[in-house]
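# Structural features, examined
Chain by chain, the residues:
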Amino acid sequence: MRTNDARDPGSRAVPGEALAPPYTLASLWVVRHGQSTANVAYAEAERTGSTEPLPGRGADVPLSDLGRTQARALGGWLAGLARGDDDGVPGPDLVVCSPYVRARQTWELMAGHPGVVPPPLLVDERLRDREMGVFEMHPPAALRARAPEEAARRARTGDWFYRPPGGEALADAVLRVRDLVGELDRVAPGRRVLLVAHDAIAVAVRLVCAGLGATAPDGLPPVPNASVSRWDNDGRRLRPARWGDTRHLEQPGPTGSPAAATPAP
């Protein structure tokens, strides 16, 4: 299982690298949803070489059994913020959630943990996962088998700029996330905000907070399922403090086993 130390690997950025926007938000967290049934199916497809797309819509994919255990572990982390467990940073006073089922289920299980007093909840479509267009629910092997030219274009272009037909590049997702974070800063100044969403949203928030002139964050450590990333206000800007932190998953779950982190498909 991957674990992370207390500090974000980019928290010691060189001054002058980018013009970071001023924000009044006190703290900003991004929690990635727990393991989903699609995460499991993608891993199995990669193992077996299956070239079949998964049925259904990405928005409707639920948590797996492990994902539900991970979400409960996130609830324990959230309850611990009231005790000052995370650098003494107070917990969130506002939650904004992706409309996707796996994110909504993650928050519901977090909010139901003993000791958690749920903050107000908003759901915003700008926190949806990256859209894959005509290749929605296609594991990599399915894309390679059914559209080899597109698979080659994706490999050549890189995920940051690859835009599938009818879908988004990661760079496109940044635009809606920038709009959301800016609006939050205007309508909720000084508040501590938790976003419950997806790995693409965590990466987008990182670039948005880095500011004008920041380069696409290629080569970042992954954003595991049920991980926590955090930015703190230093009096002017939101600076990264944690990235993909999964230490809360080391605690035994209901079965006595750790709620292990799982990578993205």
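In this report, the structure presented in the accompanying data block is examined.

Here the structure, examined in full by the defined rule, presents 1 aromatic pair. Geometrically, the ring pair formed by Trp231 and Trp243 is edge-to-face, given 6.2 Å between the ring centres and 85° between the ring planes. Of this pair, Trp231 sits in strand β5 (residues 228-233) while Trp243 sits in strand β6 (residues 238-245); the two residues are 12 residues apart in sequence, bridging distant segments of the chain. Classification of Trp231 as buried rests on a relative accessible area of 1%. When its relative accessible area of 3% is taken as the criterion, Trp243 is described as buried. Between Arg206 and the ring centre of Trp243, over which it is positioned, the NZ or CZ distance is 4.9 Å.

Burial analysis of β6 places 7 of its 8 residues in the buried class, the great majority of the element. What sits between β5 and β6 in their antiparallel hairpin is a turn of 4 residues, with Gly235 showing a positive phi close to 110°.

Turning our attention to the packing of helix α2 (residues 65-81) against helix α3 (residues 101-111). The contact between α2 and α3 brings their axes to 7 Å, and the two run at 50°. If you check the angle between α2 and α3, you find them oblique. Where α2 crosses over α3, the two elements pack in a sense that is right-handed. Listed contacts from α3 to Arg68, Ala71, Arg72, Leu74, Gly75, Trp77 and Leu78 of α2 are Gln105, Thr106, Trp107, Leu109 and Met110. A per-class count over the contact of α2 with α3 returns 7 nonpolar, 3 polar and 2 charged.

Contact geometry of helix α6 (residues 170-187) with helix α7 (residues 199-210) gives a least axis separation of 8 Å together with a crossing angle of 70°. As the angle between them shows, α6 and α7 are arranged roughly perpendicular. When you trace α6 past α7, the crossing you get is right-handed. Every residue of α7 that contacts α6 at Leu170, Ala173, Val174, Arg176, Val177, Arg178 and Val181 is listed here: Ala200, Ile201, Ala204, Val205, Leu207 and Val208. Across the contact of α6 with α7, the residue classes tally to 11 nonpolar, no polar and 2 charged.

Time to look at the pattern of salt bridges. This structure, assessed with the given rule, holds 26 salt bridges. The residue Arg144 makes a salt bridge to Glu46 at a minimum N-O spacing of 3.7 Å. One end of the pair, Arg144, is in helix α4 (residues 140-146); the other, Glu46, is in helix α1 (residues 37-48), and 98 residues separate them in sequence. On the basis of relative accessibility, which here comes to 46%, the residue Arg144 falls in the partly exposed class. With relative accessibility at 44%, the residue Glu46 sits in the partly exposed group. Salt-bridge contacts for Asp172 lead to Arg163; the nearest nitrogen and oxygen are separated by 2.7 Å. Arg163 gets classed as partly exposed once you look at its relative accessible area, which sits at 43%.

What counts and how
- Residues numbered from 1 in each chain as written.
- Predicted model: local features only at pLDDT ≥ 70, side-chain atom pairs only at ≥ 80, totals over all residues.
- Heavy atoms only, no water.
- Phe/Tyr/Trp six-rings, centres within 6.5 Å; stacked < 30°, edge-to-face > 60°.
- Helix = DSSP H or I, 4+ residues; strand = E, 2+ residues; numbered from the N terminus.
- Buried < 20%, exposed > 50% of the residue type's maximum accessible area, 1.4 Å probe, protein only.
- Lys NZ or Arg CZ within 6 Å of the ring centre and 35° of its normal.
- Pairing = 2+ DSSP bridges.
- Axes fitted to C-alpha atoms, helices over the stretch in contact; angles between N-to-C directions.
- Parallel < 35°, antiparallel > 145°, perpendicular 65-115°, else oblique.
- Left-handed = near helix turned anticlockwise from the far one by under 90°.
- Contact = heavy atoms within 4.5 Å.
- Nonpolar A, V, L, I, M, F, W, Y, C, P; charged D, E, K, R; others polar.
- Salt bridge = Lys/Arg side-chain N within 4 Å of Asp/Glu carboxyl O.

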